[in-house]
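One letter stands for each residue in the lines below.
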Amino acid sequence: MVARLVIATRNDGYTQGYAECSQLVNSALKVDWDTSRSATHGVNTGAALASLKSEFNNLQLPVMDLINVALQSEDHVTQLKEIFPDEDENLA
């Protein structure tokens, strides 16, 4: 999930950067640089990024519920040790 979000962020940044650069070149050189053949032409990377951000923000990890309950108890250290046993303890 995180890797997909990083890739989408990079793709969106590249697309926006390319569009800005071509716009600046067009403005500075007073030309109409054709970007229709670029890899970023017509690609809606913003929508893909927004979708993945929403998915990431709504990601639920079941262990977090256990941790929240443990932190609210009076003996939170013991509760947390039950969730995350030491390496030396037998997990059987």
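Sequence order as written defines residue numbering, which begins from 1 separately in each chain. Owing to the predicted nature of the model, reporting of local features is limited to residues with pLDDT of at least 70; listing and counting of side-chain atom pairs is limited to 80 or more, with chain, interface and lining totals taken over all residues. With hydrogens and water stripped out, all remaining heavy atoms of the structure feed into the side-chain values.

**Q** So what exactly am I meant to see when it comes to helix H1 (residues 2-29) here?
**A** Two residues of an α-helix separated by three or four positions point the same way, owing to the 3.6 residues in each turn. Compared with the 40 Å implied by 1.5 Å per residue over 28 residues, the 40 Å span of H1 between its first and last C-alpha is a close match. Here the term buried applies to any residue with accessible area under 20% of the maximum for its type, exposed to any over 50%, and partly exposed to those in between, with areas from a 1.4 Å probe on protein chains only. A helix here means a DSSP run of H or I that spans at least four residues, while a strand means a run of E at least two residues long, and both kinds are numbered starting from the N terminus. Listed in full, the buried residues belonging to H1 are Leu5, Ala8, Asp12, Thr15, Ser22 and Asn26. If you follow the buried residues of H1, they end up packed against helix H2 (45-57). Downstream of H1 by one or two residues, Lys30 has phi in the positive range, about 55°. Each helix should span, by expectation, one fewer than its residue count multiplied by 1.5 Å. Contacts are residue-level and defined by heavy atoms, with any inter-residue pair within 4.5 Å sufficient.

**Q** Help me understand the environment of Asp32, please; the structure alone is not making it clear to me.
**A** Structurally, Asp32 can be placed in the loop between H1 and H2. In the structure, Asp32 is positioned 45 residues away from Val77 in sequence and 66 Å away in space, judged by C-alpha atoms.

**Q** Looking at this structure, I do not really get a nonpolar patch on the surface. What am I missing?
**A** Patch definition: residues above 30% relative accessible area lacking any salt bridge, with like charges linked at up to 9 Å and the nonpolar side chains Val, Leu, Ile, Met, Phe, Trp and Tyr linked at up to 5 Å. To be clear on the numbers: accessible area is Shrake-Rupley with a 1.4 Å probe, and residue cover counts the displayed protein chains and nothing else. For this document, the term salt bridge refers to a Lys or Arg side-chain nitrogen within 4 Å of an Asp or Glu carboxyl oxygen. Judged by side-chain polarity, Val2, Val6, Phe56, Leu59, Leu61, Val63, Met64, Leu66 and Phe84 come together as a nonpolar surface patch covering roughly 780 Å² of accessible area. Sorting the residues of the nonpolar patch by element identifies H1 and helix H3 (62-72) as the ones contributing at least two each. For the nonpolar patch, the leading source of residues is H3, giving 3 residues. Mapped onto the fold, Phe56 is located in helix H2.

**Q** I tried to follow the packing of aromatic side chains on my own but got confused; where do I start?
**A** What characterises a pair of aromatic rings is the spacing of the ring centres plus the angle enclosed by the ring planes. In summary, the pairing rule links any two rings of Phe, Tyr or Trp, Trp by its six-membered ring, whose centres are within 6.5 Å, and it sorts them by plane angle into stacked for under 30 degrees, edge-to-face for over 60 and tilted for everything else. In the structure shown here, the tally under the stated rule is 1 aromatic pair. Judged by centre distance (6.3 Å) and plane angle (35°), the ring pair of Tyr14 and Tyr18 falls under tilted. Here Tyr14 pairs with Tyr18, and both are found in helix H1, just 4 residues apart, close to one helical turn. Judged by its relative accessible area of 52%, Tyr14 falls in the exposed class.

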